[in-house]
Amino acid sequence: MSYISFNFTFATGETEITWSGYKGIVNDSEIALGQTGMSLMAVSETLARPERLIIALKEGAQIPQELMKNVEDGVIVLNVMSDDPVKIKRVIDKHSSAISTREHKKQLEAQGQGAAFRSQLCAHCGSTINLSGLPETAYYFCPFCESVYLAGGAIVNKGDEYCTCDECDLFGHVQEYKIFYFYFLLVIYGWRSQQRFLCDGCARGELLKTLLCNLFFILGVPVSLWGLFRSYSGQDPRFGELLEANDYAREGKADLAGNIYQQIAGKNPMHPGLAMNKGVAHLHGNNVNGAIESFSAALETCSNYVPAIRLLQRMAPHQQAQ
């Protein structure tokens, strides 16, 4: 899909919100947002969540002053009213990644380094993955949809099934879950509901809490039970023991988690997510050096594995302090 239109409202900023919202249009070069818009060259990355589209801007990006009113901390947040935010994200990512990669190729060629250019098209989401200047490794990663591929192009796992959990930073089976609380106190009653993307392990913890709270009022129980049922289904047999290993990792039991990750690696040799998870286990066990070693191992098998890169960047101040 090269073009998409949708209705939205701004979730941040000072622009007046209308009842009907605004019209957004994405084509192969720009994104129009109501009466204003911007070039897709300004887009750094996007994130889709239930009814929300989050657009992060490149540092120093030139965008219209009218649109700046809706930028907070370098991010534009849209409440999407008429379409699936994932579909819009895919169109933006497809075109913005192609533009950015072409521009980078031109820069390298102008510097006489054209031979360093290397890219790959993601077969799952259609985005262009810029691998220029990175060593060739057994895997490569799509930073747009979080799918993992073998160097030869065969897909290992799709990012909309297995990716990094928002809650615990572990690679696992991630799904959208409804976290629902209902309360009734004499004449006061109400509910609180959230749609969250969590791995099955984190979801079970949240859902068990909602189940205990909702038991008193019955109405929220079916939602909690349905969520718990989903957390026990849909896993890929190749990652069958991953949930148990990740539970150990969250507890900081790196040795126990590492043994299981090694068993899983027999079906998925050198998968970067498994090495990264062991690093997270070391972090929870306060073993910083072990964490750095594991994150580095993930990058040795997948040189552009963004989740491990971000964790290493997060640890950079600690390393400098040493």
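Residues numbered from 1 in each chain as written. Predicted model: local features only at pLDDT ≥ 70, side-chain atom pairs only at ≥ 80, totals over all residues. Heavy atoms only, no water.

*Asks:* If you had to explain the sheet that holds strand β1 (residues 4-10) to someone new, which residues and values would you point to?
*Replies:* Spatial ordering of the open sheet is given by β4-β3-β2-β1-β7-β6-β5, a layout of seven strands whose pairing is antiparallel. Every other strand in the sheet has two partners, leaving β4 (36-39) and β5 (43-49) as the edge strands with one partner each. Within the sheet, the average angular offset between the axes of one strand and its neighbour, ignoring direction, is 30 degrees. As paired strands, β5 and strand β6 (residues 52-57) are joined by six bridges and run antiparallel to one another. The residue of β6 that forms the bridge with arginine 49 is arginine 52. (Pairing = 2+ DSSP bridges. Helix = DSSP H or I, 4+ residues; strand = E, 2+ residues; numbered from the N terminus. Axes fitted to C-alpha atoms, helices over the stretch in contact; angles between N-to-C directions.)

*Asks:* Tell me about the nonpolar core, and name the residues and values.
*Replies:* Ranked by size, the top nonpolar core spans 40 residues in total, and within it Leu242, Tyr261, Met276, Phe295 and Tyr305 carry the most contacts. Broken down by element, the residue count for this core peaks at five residues, all from helix α6 (residues 254-265). Setting aside its immediate chain neighbours within four residues, tyrosine 261 contacts Leu170, Leu242, Ala245, Asn246, Ala249, Leu274, Asn277 and Lys278. Residues Phe10, Val26, Leu53 and Leu57 belong to the second largest nonpolar core, which totals 25 residues. (Core = buried A, V, L, I, M, F, W, Y, C linked by side-chain atoms within 4.5 Å. Buried < 20%, exposed > 50% of the residue type's maximum accessible area, 1.4 Å probe, protein only. Contact = heavy atoms within 4.5 Å.)

*Asks:* Quick one: what's the story with the pairing of β6, residue by residue and with numbers?
*Replies:* In this antiparallel pair of consecutive strands, β5 and β6, the connection spans two residues, and glutamate 51 shows a positive phi of 65 degrees. Pairing of β6 with strand β7 (residues 75-80), which is carried by five bridges, proceeds in the antiparallel orientation. Bridging from a neighbouring strand, arginine 52 pairs with asparagine 79 of β7.

*Asks:* Describe the pairing of β4, and please don't skip the residues or the numbers.
*Replies:* In this sheet, β4 lies alongside strand β3 (residues 30-33) in antiparallel orientation, the contact comprising four bridges. The partner of isoleucine 31 across the bridge, within β4, is methionine 38. The loop that links β3 with its antiparallel partner β4 comprises two residues; one of these, glycine 34, has a positive phi angle of about 70 degrees.

*Asks:* How would you explain the packing of helix α5 (residues 242-250) against α6 if you had to name every residue and give the values?
*Replies:* Where α5 contacts α6, the axes come no closer than 8 Å and their chain directions differ by 155 degrees. The orientation of α5 relative to α6 falls into the category roughly antiparallel. Classified by chirality, the crossing of α6 by α5 is left-handed. On α6, the residues that touch Leu242, Glu244, Ala245, Asn246, Tyr248 and Ala249 of α5 are Leu256, Ala257, Ile260, Tyr261 and Ile264. For the contact of α5 with α6, the per-class residue count stands at nine nonpolar, one polar and one charged. (Parallel < 35°, antiparallel > 145°, perpendicular 65-115°, else oblique. Left-handed = near helix turned anticlockwise from the far one by under 90°. Nonpolar A, V, L, I, M, F, W, Y, C, P; charged D, E, K, R; others polar.)

*Asks:* Lay out the pattern of salt bridges with the relevant residues and their values.
*Replies:* As enumerated under the stated definition, the model contains 11 salt bridges in all. For the salt bridge of arginine 238 with aspartate 236, the shortest nitrogen-to-oxygen distance reads 2.8 Å. Judged by its relative accessible area of 28%, arginine 238 falls in the partly exposed class. The partner of lysine 267 in a salt bridge is glutamate 241, with the nearest N and O atoms 3.9 Å apart. Placement of lysine 267 in the loop between α6 and α7 (272-284) and of glutamate 241 in the loop between α4 (221-231) and α5 is noted, with a sequence separation of 26 residues between them. The partly exposed category is assigned to lysine 267, whose relative accessible area is 46%. (Salt bridge = Lys/Arg side-chain N within 4 Å of Asp/Glu carboxyl O.)

*Asks:* Could you give me a rundown of the environment of glutamine 65, with the residues and numbers involved?
*Replies:* Relative to the helices and strands, glutamine 65 resides in helix α1 (residues 65-68). With 29 residues separating them along the chain, glutamine 65 and threonine 36 place their C-alpha atoms 9.2 Å apart.

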